[in-house]
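Here is what each chain is made of, one letter per residue.
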Amino acid sequence: MNRDENLSTPDNTPGDLPESGRRRFLQLAAASGLVLPCGGAIAHAATLGEAVEEMAAGPLWEIEAVRVEQAFSDGSTCPFFRYQAMGSTPSAGTVPVLSGRRGQVAQLRVRNSLTRGIRPTIVGGVPGPWIDPGTELTFDIDVPPMGTWMLTDAELGDAAGPMGLGAVIISRLGASISRRTLRSIGPRYDREYVLFYVDSDDRWNTAIDAGGVPDFGVYEPNYHTVNNLTFPDTAGDAGTTIACQVGDRVLLRMCNLGWMRQSVHFHGYHVQIERINNQRQSIYGSKDTIPLPGHSTMEVLLPINQPGIFPVHPHSLTTTTDNGLYIGGQITLIVAT
Amino acid sequence: MAGLGTIVKPYYTVVSRMSGNQIIGGQSVGVWYFDRDGSNQGFMNNRQFPSAHLEIIEGLPSSVLFRNLSPMDHTIHLHGLDVDQENDGVPATSFSVPMMGSYTYQFLAPHAGTYHYHCHVDTVIHYHRGMTGAIIVRPSDSAIDRAWDGGPTFDEEVLWHLMTYDLNWKDISRSGLATARHRPGVFMLNGFESVQARDDLFTRLVATVGQRIYLRVLNSSYQWGRVRLAGLPFDVVASDGRPMRQVVTTDSWEIGPGERYDLLLTPTAPISADATVEYLDDWTGAVLGTAATRLEIT
Ligand SMILES: [Cu+2]
Ligand SMILES: [Cu+2]
């Protein structure tokens, strides 16, 4: 019997925290003195595209490009351009997670609510069609080979990441094979989460927001988000807090749309890097701190061999601040019961 | 063995000090550090930046009695040792140790290898000021000439902390707008710039032809570091306390913040040259600065 068949709730959507687990997290958090975000915390259930994925003809992905002025814990704000979920598109934090099967053709419907044109494009792929500001376009897009991909904007070029204009695409195996298999012959996993990292230099974002051009020679990011959130809002988001149980093997789809060359540390656990930019890796053994280059994705298996609440964060430690103020930034939590 | 292997035991007392001093970038800089067993010194008992290192034994219940004799809260995070939540040293998920307080961190020493510990209070500041040290886990038989049970043996062993410093941060005690950007101007190995690191007994690589040098590298800076051993090929044999799935033979290796790599160098000819660490800019990949020490093979 394989691991997948042992799951008591095989259709439990990945990343979806059952109510009992949510209560348990709150208890653990309270017991540990963890500060939870008050009011207005974003708590989307991350259903990671299961609903749209079931459509036989290929999924319909609906997103909207918007401008957001985000407030941070130090009292500062910074402008971002973001894709946000439209209609039934699920999300992690506020990042749309678009799911399909390899070989499918997806329909991508994009409403551009920015005041500038965009070209939605898969990172590493050919630039997509131009979409005028204030208009909407639906076009076909091939679901990429199995793995974890990012959608961004070719028009902004190198600045698209810092501006935050991104979504995650998950390409799964064909319909006849279990969804919870990373490749056709194992390994299997019990739950999955998306962690989407963006770093931003407010001087770039402010210049672009004003219609100008930043100084591309200097990039010193001072805002650092996971799933478009910073700690402790990350801890209040069900798609960003890695809720799991002892014995689970959790798949993390780590996406870095930023330009920082991250080195992400896991408290409490060693993890196994499975694939980097959708290429199988066979060099690293188990590690507690993993290299995640800019504009790259990585699939990581996290074996939960002890209970507890443990942070996950990049170790270039300005990333754990909001504009310099600790604690904030790209810290999220593993909550293992 | 360059200061390593002299004290190997499962328990330590570690004391936090905020009154340290070290010359960094030509300036007298107030540093914060952890000493070992109350020695009032940091790394190798002869400098206060970075912190002292600890050597423990795989498989043994181990403890670090932390005494906070400094006027701020601190913790000890046992980075990579996969300890339980209570002993993880993260204020948000456990607790911090107040001034004049103490706590005994308890854990089972994991697989032999190179690990890390540091304060996790206002981490961006406390870490940069020097509250960062290495932990070596020796094999279960306490051997000091073998990397792990069944792992490679060696004749010489050296520990490197990769470190960079932003002198604009030197008097800052609390994070905030002034720590939004880390612009390193000083590039170090084990707390020393090249001029001192070249001849530092605890940093330089000295051996005879055919000897095996085991180099444990901990990147405790905020930038990536590229290690070169004067162009000589070396084996990357372990990382983060575990063997590599595949040993990589190379003449250059890049190490991210918080990562550890164990490198095995077996020189086949005499050489006198610089071994270097180049610190890299995330965005451009450019070399921001270099720290060098002597590689002397006779
Ligand atoms: Cu501290
Ligand atoms: Cu750490």
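Owing to the predicted nature of the structure, the values given are computational and were not obtained by experimental measurement.

### As for the interface of chain A and chain B
Taken residue by residue, the interface counts 54 residues in chain A and 51 residues in chain B. For the pair chain A and chain B, the summed buried area comes to about 4200 Å², and 51% of that belongs to carbon and sulfur atoms. Considering only the side of chain A, the residues that lose the most area to chain B are R261(A), H315(A) and Y326(A), jointly responsible for 16% of the buried surface there. Between chain A and chain B we count seven salt bridges in total. For the salt bridge of E220(A) with R183(B), the shortest nitrogen-to-oxygen distance reads 2.7 Å. Seen at the junction of chain A and chain B, the total is 42 residue pairs in polar contact (both at pLDDT 80 or more). Where the side of chain A that touches chain B is concerned, the elements lending two or more residues are α4 (202-209), β14 (262-266), β15 (272-276), β17 (289-292), β19 (308-314) and β21 (325-326) of chain A.

### What to know about the domain arrangement of chain B
All names here are of chain B. If you check the domain split of chain B, you get domain 1 (11-138) and domain 2 (156-297). The C-alpha-based centres of domain 1 and domain 2 are spaced at 20 Å. Summing both sides of the interface, domain 1 and domain 2 together bury roughly 3200 Å²; the carbon and sulfur share of this comes to 59%. Taken as a group, R47, T114 and H128 account for 21% of the area that domain 1 buries against domain 2, more than any other trio of residues on that side. One can count three salt bridges joining domain 1 with domain 2. A salt bridge links E157 to R138, with the shortest nitrogen-to-oxygen separation between them at 2.9 Å. At the boundary of domain 1 and domain 2, one finds 20 residue pairs in polar contact (both at pLDDT 80 or more). In the side of domain 1 that touches domain 2, the residues fall into 15 nonpolar, 18 polar and five charged.

### A word on the coordination of the copper ion (ligand 1)
All names here are of chain B. On the protein side, the copper ion (ligand 1) has H74 (ND1), C119 (SG) and H126 (ND1) as donor atoms, found 2.0 Å from it. Spacing between the donor residues of the copper ion (ligand 1) along the chain follows H-x44-C-x6-H. With H74 in the loop between β4 (61-68) and β5 (77-79) and H126 in helix α1 (residues 123-126), this residue pair connects regions lying 52 residues apart in the sequence.

### Brief notes about the packing of aromatic side chains
According to the stated counting rule, one finds 18 aromatic pairs over all chains in the structure shown. Look at W204(A) and F216(A): their rings are 5.0 Å apart centre to centre, the planes differ by 75°, and that puts the pair in the edge-to-face class. Of this pair, W204(A) sits in helix α4 while F216(A) is found in the loop between α4 and β11 (223-226), placing the two residues twelve residues apart along the sequence. Their ring planes at 80° and their centres at 5.8 Å tell us that F49(B) and Y165(B) sit as a pair that is edge-to-face. Residue F49(B) is located in the loop between β2 (27-36) and β3 (54-57), and its partner Y165(B) is located in strand β9 (residues 156-165); the two are separated by 116 residues in the primary sequence. You'll find F49(B) and Y165(B) in the same group, each marked buried.

Rules and cut-offs
Sequence positions are assigned chain by chain, starting from 1 and proceeding in written order. The lettering of chains begins at A and the numbering of ligands begins at 1, in the order of writing. It should be noted that, the model being predicted, local features are given only for residues of pLDDT at least 70 and side-chain atom pairs only at 80 or more, the latter also being counted only at that level, while totals for whole chains, interfaces and linings use all residues. Remark: hydrogens and water are excluded; side-chain values derive from all non-hydrogen atoms of the structure. Residues count as neighbours in contact if any of their non-hydrogen atoms are within 4.5 Å of one another. Note on definitions: buried area is the accessible-area loss of two parts on being combined, 1.4 Å probe, summed for both. Salt bridges are defined by distance alone: a side-chain nitrogen of Lys or Arg within 4 Å of a carboxyl oxygen of Asp or Glu. We call two N or O atoms a polar contact when they sit within 3.5 Å, provided that within protein one can donate a hydrogen and the other can accept it, with sequence-adjacent residues counted only if both atoms are side-chain atoms. In this description a helix means any DSSP run of H or I spanning at least four residues, a strand means any run of E spanning at least two, and both kinds are numbered starting from the N terminus. Either an automatic procedure or a domain database provided the assignment from which the domain bounds are taken. Side-chain classes are defined by residue name, with Ala, Val, Leu, Ile, Met, Phe, Trp, Tyr, Cys and Pro counting as nonpolar, Asp, Glu, Lys and Arg as charged, and the others, Gly among them, as polar. Listed donors are limited to N, O and S atoms within 2.8 Å of the metal, widened to 3.2 Å for Na, K and Ca; water is not among them, so incomplete-looking sites are possible. Geometry of aromatic contacts follows a simple scheme: Phe, Tyr and Trp rings, the Trp one being its six-membered ring, pair when their centres are within 6.5 Å, and the pair is stacked under 30 degrees between planes, edge-to-face over 60, tilted otherwise. Each residue is assigned to one of three classes by its accessible area relative to the maximum for its type, calculated with a 1.4 Å probe on protein chains only: buried under 20%, partly exposed between the two thresholds, exposed over 50%.

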